[in-house]
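# An overview of the molecular structure
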Amino acid sequence: MNIKTVILARGGSKGIPRKNIIDINGKPLIQYTIDAAKASKAKDVYVSTDCSAIMLESIKNKANVIMRPYNISRDKSKSEDALLHFADTVSFDMLVFIQPTSPLLLPEDIDKGIEMMNEYDSVFSAYKEHWIPRWTLDGRPDGWLTGSRPMRQDRKERWVENGAVYITTREQLEKTKLRYSGNIGILEMPMHRSFQIDTIDDLELVKKCLN
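Residues numbered from 1 in each chain as written. Predicted model: local features only at pLDDT ≥ 70, side-chain atom pairs only at ≥ 80, totals over all residues. Heavy atoms only, no water.

Counting residues in each nonpolar core, the largest one holds 28 residues, and the members touching the most others are Ile 30, Val 47, Val 96, Ile 98, Ile 110, Ile 114 and Ile 167. Mapped by element, the contributors of at least two residues to this core are β1 (3–8), α1 (29–38), β4 (45–49), β6 (94–98), α4 (107–116) and β8 (158–169). Broken down by element, this core gets its largest block of residues, four residues, from α1. If near-sequence neighbours (up to four positions away) are discounted, Ile 30 is found in contact with Ile 7, Ala 9, Asn 20, Ile 21, Val 47, Ile 54, Glu 57, Ser 58 and Pro 100. (Core = buried A, V, L, I, M, F, W, Y, C linked by side-chain atoms within 4.5 Å. Buried < 20%, exposed > 50% of the residue type's maximum accessible area, 1.4 Å probe, protein only. Helix = DSSP H or I, 4+ residues; strand = E, 2+ residues; numbered from the N terminus. Contact = heavy atoms within 4.5 Å.)

Right, let's talk about α1 for a bit. An α-helix turns once every 3.6 residues. As a result, residues three or four positions apart point the same way. For α1, the buried fraction is high: eight of the ten residues fall into the buried class. Within α1 the residues assigned to the buried category are Leu 29, Ile 30, Gln 31, Tyr 32, Thr 33, Ile 34, Ala 36 and Ala 37.

What you tend to see is this: most non-glycine residues have negative phi, and most peptide bonds are trans. The phi angle at Asn 25 is positive, at roughly 55°, despite the residue not being glycine. Relative to the assigned elements, Asn 25 resides in the loop between β2 (23–24) and β3 (27–28). Notably, Lys 62 is not glycine yet its phi reads approximately 65°, a positive angle. Secondary-structure assignment places Lys 62 in the loop between α2 (52–60) and β5 (64–67).

Turning to the pairing of β4, a few remarks are in order. Every regular strand shows the same layout, with side chains that alternate between the two sheet faces. In terms of residue burial, β4 counts as a mostly covered element, since five of its five residues are buried. Note: β1 against β4, four bridges, orientation parallel. For Leu 8, the partnering residue across the bridge sits in β4 and is Ser 48. Strand direction decides the pairing type here: β4 and β5, joined by four bridges, are parallel. (Pairing = 2+ DSSP bridges.)

This is the structure:
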């Protein structure tokens, strides 16, 4: 099986400037996911980027680099556009798509996802969430009523996609143009390793988790 890993890392970031190469406890953010992939069964790692600084950092960490065109590297560009560009450039049977904003991803998570592909057409990582009362931004209960607040144990748990890793095949990606499709499996990760870095608060939290 020809397995490739691709990490999508744009240069632009509104929340945290130069986010994908920001220093976290002495290492650039993108190095965490490169290292995790290279220690897994999906060790043939590529970084798809539009940024020369990310390119240089990726090469330094022994990853291959695919330079992504500007028209699929904008704020509203879909990840699927970059995945299809990668598929047009690199040969693979199975694709492991990792987001660099998930530095708590471990090699064993990736390997477990690859093993699950024996049973599924695609796999994505998620954690289980117990019900908690949520409110809309205008101060209204979201999906429940104050006069009949549910007990946590009376509500079903649900899966929350954590954005760390997605696995699919070339056939499924090219047929559906989606990161997951067909018979989809869920790779469980614990909540304490499911944080993504999108804000300064996320950054400070993950720094503590990595200590």
